[in-house]
Amino acid sequence: MVHLPSCSSLTSGCPRNACLTWKPCNPLTHRFGPLHSSRCSSLPYHRRARTAHRLQVNAVASVNKADKAASNDATSAGSVQIDNKSDKKYSTVLVKAPHRSGLLTGLTDILASSGLDICKATVDNSDGTSINKFLVCGSNGGKVENAEQLSTLQHALESAISPQSTGRLRPKLKNADKSVAEDKKNFLYTLMDSYLTSDVRSIEQSIVNHLEYTLARNRYKVSSQEAYSATALSLRDRLIESWNDTQQHFKDTDPKRVYYMSMEFLMGRSLTNALYNLGVDNEYTQAVTELGYSLENLAEQERDAALGNGGLGRLAACFLDSMATLNLPAWGYGIRYQYGMFRQTIHDGFQHEQPDYWLNFGNPWEIERLNIAYTIKFYGHVSVQEEGGRQTFRWNPGESVTAVAYDNPIPGFHTNNTINLRLWAAKPDREFDLEAFNTGDYVQAILSKQRAETLSSVLYPDDRTYEGKELRLKQQYFFVSATIQDVVRRFQETHGSLDAFPEKVSFQLNDTHPTIGVPELMRVLMDEHAIGWTKAWEFVTKVFAFTNHTVLPEALEKWPVSLVERLLPRHMQIIYDINWRFLQDLRARLGEDWEKIARMSIIEEVNGEKFVRMAYLAIVASHSVNGVAAIHSEIIKNTIFKDFADFWPQRFQNKTNGVTPRRWLAFCNPPLRQLISDTLGTDEWINDLDLLQLGRPAGSRSHLRVVLRSGHLLL
């Protein structure tokens, strides 16, 4: 039991008592804001005290639901008693509630905000229940006689301990991090043991808070763009909760993870998709309406993320949505393009291409990770050394840039699983060349910055020139190298060694663009982790899988050997070694069929110029190769990849790609969604399209015809 000294106050001794004017306040209103009082002009910190009180009320109110479930009596639920009879001199305030961190501070803040001094207090936290008894006095130094003031105090204290002011209980994950003491883990959990509530009033408060505290705007004069940003940020807060819990859960359970690498992610607008996936669309619609806006108009303020162009990017985005919905441990990796591909305008009947400045007003959905950055090397030469009786290779780069991570939470539909899309932005190793600036060469002073940022400026630069080809290959290697470095680092943090890497990691190559990751992973394993060729190649062939998107031989990506040797000298050496060993295997099985061996070689020679065939490299290094439709998969097995399909028939398979039924049906056409759900008697079809067979259950087909003929469905 803790005894506080008599006649002492846990708050400032400022004579503010005469400055406080009380107004009625119901407990629901109090949960969302500070008590209503006029502010003492002599106290510059008075607002800070009220703000602290508001935060403490939210923390205190988040009582442990497990304790509540264990006991339903009045004591465990919490109670507040105020009387003027039990003590001759002071008013008595008795508060009983389940014990939790911050409870005492929250209660004393409320008393202080009420203009009361605590003259004596006893606190008993035994048996998981906190019994707090306060003897308080008013501005006259005696009992508080004002009935309205006592009633308001009663409501405020009850609100502070009420379990109704909390959201859903967050899971208490293992968190195996040994560097954090167990008592500290428990303490940190109690501070945020409940998810943010998503009732209309809480959403309104969250939006207004972001307007004032994040955007620093006057909440009475806000543009539609600012209102959109605040709304998006409030929704992102809820995404981050489940995102953090998801990542910690995967860290604790250690499943095999898939990393989806793609040059494109055509994500579409995030606001409406996140609202529907989280199931809070109705609440947000009402909240923004009461704030004086239309959710539809706010959604129009969002610029499409210029991260993709067509089917390849949309497929990648749909895969992320589906993997999140299916609770798969997956991440996406790509490039954070500054301008995307282009924005189309039509003048006098002609198309004009303009840069797509989609980041002009920032991106409220992304989380900048300045602490997650990797050095990406280009050019230079390779030196050979002897270390410990073995030959080692060291790449001495001629240029390097830094890849900085930007995370984008991807929510699943009706699940807490929220996965991640990590995008890389290119930054210079040196932001500013002071020496060049001081000598008057002002252009050279910022040249390295401009050269580095070019890597993540535009999706698919024109490759009709040598410089364009070089930039494209640099882009591909840039994001692939950063991704592999990131995955290896995160794996080592969890596992220590790389021995279990093939059993815990899978890289999915979305078309040939990320194929340079094959020699990059070989380089990292051999040159940086001293793993021999045989074991490193075993790792590579177990972790890579390849999705091919084209059926035209001329559309298969290939790079001049001279370009790869100049830009990535170590990788060209590794590609030569991969091809040499592959050709030896072919010769062992095919004998002297040199024509076929030449057709299957990773290195192609045309009119004296050599090329690296990236699709062939992907096939050789992957344990699985798939087309994107049944007919497409058959075509590639019988045409462009026939020799490989004959050589490795078990390696080729089909994965029919589609689009997510959530964004493209359930969300974009609510009347049709309702009709299908009424017809089937369930909305489970949103996650299981096999249920869309209108012959079952009986009578569903006739029901659909009746509704369509009635004209009540707006298609």
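Trainee: What should I look at first to understand the overall build of the chain in this one?
Mentor: Along its length, the chain carries 28 helices and 21 strands. When each of the 715 residues of the chain is scored for burial, the buried share is 49%. Only carbon and sulfur atoms are counted for the fraction: they give 52% of the accessible area of the chain, which is about 34,300 Å².

Trainee: Please clarify how the nonpolar core should be interpreted in this entry.
Mentor: Side chains that are nonpolar tend, in soluble globular proteins, to be buried together. In this structure, Phe378, Trp424, Phe478, Phe501 and Phe507 are the most contacted members of the largest nonpolar core, which totals 110 residues. Broken down by element, this core gets its largest block of residues, 11 residues, from helix H16 (residues 466–495). In contact with Phe507, not counting residues within four places along its chain, are Tyr259, Met261, Ile484, Val487, Phe501, Leu521, Val543, Phe544 and Ala545. One finds Ile207, Val222, Tyr228 and Trp365 within the second-largest nonpolar core, a separate group that totals 22 residues.

Trainee: Sorry if this is basic, but what is going on with helix H19 (residues 533–543) here?
Mentor: Residues spaced three or four apart along an α-helix face the same direction, because each turn holds 3.6 residues. Within H19, burial applies to Trp533, Ala536, Trp537, Phe539, Val540 and Val543. Seen end-on, H19 carries its buried residues on one side only, within an arc spanning 155°. The secondary structure elements touched by the buried residues of H19 are helix H17 (501–504), strand E15 (505–510), helix H18 (517–528), strand E16 (544–547), helix H21 (569–590) and helix H23 (614–621).

Trainee: Looking at this structure, how should I read the packing of aromatic side chains?
Mentor: How two aromatic rings sit relative to each other is given by the distance of their centres and the angle of their planes. Tallying each qualifying case throughout the model produces 23 aromatic pairs. Each ring, one from Phe413 and one from Phe667, has its centre 5.8 Å from the other, and the planes form 55°; the classification is tilted. Of this pair, Phe413 sits in the loop between strand E13 (399–411) and strand E14 (418–428) while Phe667 sits in helix H26 (residues 661–667), and the two are 254 residues apart along the sequence. A ring pair is formed by Phe507 and Phe544, whose centres lie 5.3 Å apart and whose planes are at 25°; its orientation type is stacked. With Phe507 in strand E15 and Phe544 in strand E16, this residue pair connects regions lying 37 residues apart in the sequence. Phe544 carries the same exposure label as Phe507, and that label is buried.

Trainee: So what exactly am I meant to see when it comes to the pattern of salt bridges here?
Mentor: Pairs can form between side chains of opposite charge once their charged atoms are near each other. In the structure shown here, the tally under the stated rule is 32 salt bridges. When the shortest N-O distance is used, the salt bridge between Arg269 and Asp304 registers 3.6 Å. With Arg269 in the loop between strand E6 (257–261) and helix H10 (270–278) and Asp304 in the loop between helix H12 (295–300) and helix H13 (311–325), this residue pair connects regions lying 35 residues apart in the sequence. One salt-bridge network, in which partners are shared between bridges, spans Arg369, Asp407, Arg422, Asp486, Arg489 and Glu493.

Trainee: In this structure, what is going on with the sheet that holds strand E18 (residues 603–606)? I would like to understand it.
Mentor: Taking strand neighbours across the sheet as the criterion, the three strands line up as E17-E19-E18 in an open arrangement whose pairing is antiparallel. Each having just a single partner strand, strand E17 (558–560) and E18 make up the two edges of the open sheet. For this sheet, the mean angle separating the axes of adjacent strands, direction not counted, is 35°. Pairing geometry for E17 and strand E19 (residues 609–613), over three bridges, is antiparallel. Its bridge partner being in E19, Trp559 is matched across the sheet by Val612.

Trainee: Honestly, the pairing of strand E20 (residues 624–627) in this entry has me stumped. Any pointers?
Mentor: In E20, alternate side chains face the same way, and those of Ser624 and Asn626 on one face and Val625 and Gly627 on the other are all buried. Inspection of the sheet shows E16 paired to E20 by three bridges, in the parallel sense. Note that in E20 the partner of Ala545 across the bridge is Ser624. Bridge count for E20 against strand E21 (residues 652–654) is three bridges, and the pairing is parallel. The partner of Gly627 across the bridge, within E21, is Asn654.

Trainee: Help me understand a negative patch on the surface in this model?
Mentor: Residues Asp683, Glu684, Asp688 and Asp690 make up a contiguous surface patch of negative charge. Residue class for Glu684 comes out partly exposed when judged on its relative accessible area of 49%.

Trainee: So what exactly am I meant to see when it comes to the side chain of Glu204 here?
Mentor: The residue Glu204 is located in helix H8 (residues 200–214) in this model. Look at Glu204: it is buried, it has no salt bridge, and the nearest opposite charge is Arg201 at 4.5 Å.

Trainee: Explanation requested: a nonpolar patch on the surface in the structure shown.
Mentor: Taken together, the side chains of Phe187, Leu188, Leu191 and Met192 present a nonpolar region at the surface, about 380 Å² in accessible area. Summarising the element assignment, Leu191 is placed in helix H7 (residues 182–191). The exposure class of Leu191 is partly exposed, given its relative accessible area of 38%.

Trainee: Would you mind showing me how to read the environment of Asn510 here?
Mentor: One can find Asn510 in strand E15. Of the residues examined, Asn510 reaches a relative accessible area of 0% and is grouped as buried. When the C-alpha positions of Asn510 and Ser262 are compared, they lie 5.1 Å apart, and in sequence the two are 248 residues distant. In this structure, Asn510 is in contact with Tyr260, Met261, Ser262, Leu312, Leu315, Ala316, Thr547 and His549, ignoring residues within four places of it in sequence. One polar contact links Asn510 to Tyr260, side chain to side chain, over a distance of 3.2 Å.

Trainee: Teacher, can you tell me more about the environment of Asn309 here?
Mentor: Positionally, Asn309 belongs in the loop between H12 and H13. Spatially, the C-alpha atom of Asn309 lies 8.1 Å from that of Phe265, the residues being 44 residues apart in sequence.

Trainee: Which parts of the structure should I look at to understand the sheet that holds E6?
Mentor: Paired through their backbone hydrogen bonds, the strands of a sheet run either parallel or antiparallel. With mixed pairing, nine strands are arranged side by side in an open sheet as E10-E13-E14-E7-E6-E15-E16-E20-E21. Two strands lie at the open edges of the sheet, namely strand E10 (367–378) and E21, each paired on one side alone. Neighbouring strand axes in the sheet, compared pairwise and without regard to direction, differ in orientation by 25° on average. Each of E6, strand E7 (330–335), E10, E13 and E14 is contacted by helix H9 (residues 224–253), which is oriented at about 100° to E14, the strand it contacts most. Against the sheet, H19 engages E15 and E16, with an angle of about 40° to E16.

Trainee: Please explain the pairing of E18 as it appears in this structure.
Mentor: Both faces of the sheet carry side chains from a regular strand, because those side chains alternate between them. Here E18 pairs with E19 via four bridges, running antiparallel. Residue pairing across strands places Val606 opposite Glu609, the latter belonging to E19.

Trainee: Looking at this structure, I do not really get unusual backbone geometry. What am I missing?
Mentor: The bulk of non-glycine residues show a negative phi, and the bulk of peptide bonds are trans. With a phi angle near 55°, Asp254 is a residue other than glycine that sits in the positive phi range. Along the chain, Asp254 falls in the loop between H9 and E6. Here Asp348, not a glycine, exhibits a phi torsion of approximately 55°, which is positive.

Trainee: Which parts of the structure should I look at to understand the packing of H8 against helix H11 (residues 281–290)?
Mentor: Each pair of packed helices gets described by two things: the angle between the helix axes and the distance between those axes. The interhelical angle for the contact between H8 and H11, taken along N-to-C directions, is 55°, at an axis separation of 9 Å. What the angle tells us is that H8 and H11 run oblique. Crossing of H8 over H11 shows right-handed handedness. On H11, the residues that touch Val200, Ile203, Glu204 and Ile207 of H8 are Glu283, Tyr284, Gln286, Ala287, Val288 and Glu290. Residue classes in the contact of H8 with H11 are distributed as six nonpolar, one polar and three charged.

Procedures and definitions
- Residues numbered from 1 in each chain as written.
- Predicted model: local features only at pLDDT ≥ 70, side-chain atom pairs only at ≥ 80, totals over all residues.
- Heavy atoms only, no water.
- Helix = DSSP H or I, 4+ residues; strand = E, 2+ residues; numbered from the N terminus.
- Buried < 20%, exposed > 50% of the residue type's maximum accessible area, 1.4 Å probe, protein only.
- Areas by Shrake-Rupley, 256 points an atom, 1.4 Å probe, with all protein chains shown as cover.
- Core = buried A, V, L, I, M, F, W, Y, C linked by side-chain atoms within 4.5 Å.
- Contact = heavy atoms within 4.5 Å.
- Arc of directions from axis to C-beta.
- Phe/Tyr/Trp six-rings, centres within 6.5 Å; stacked < 30°, edge-to-face > 60°.
- Salt bridge = Lys/Arg side-chain N within 4 Å of Asp/Glu carboxyl O.
- Pairing = 2+ DSSP bridges.
- Axes fitted to C-alpha atoms, helices over the stretch in contact; angles between N-to-C directions.
- Patch = residues over 30% accessible without salt bridge, like charges linked within 9 Å, V, L, I, M, F, W, Y side chains within 5 Å.
- Lys, Arg positive; Asp, Glu negative; His and termini not counted.
- Charge placed at Lys NZ, Arg CZ, Asp CG, Glu CD.
- Polar contact = N/O pair within 3.5 Å; in protein donor to acceptor, adjacent residues only side chain to side chain.
- Parallel < 35°, antiparallel > 145°, perpendicular 65-115°, else oblique.
- Left-handed = near helix turned anticlockwise from the far one by under 90°.
- Nonpolar A, V, L, I, M, F, W, Y, C, P; charged D, E, K, R; others polar.

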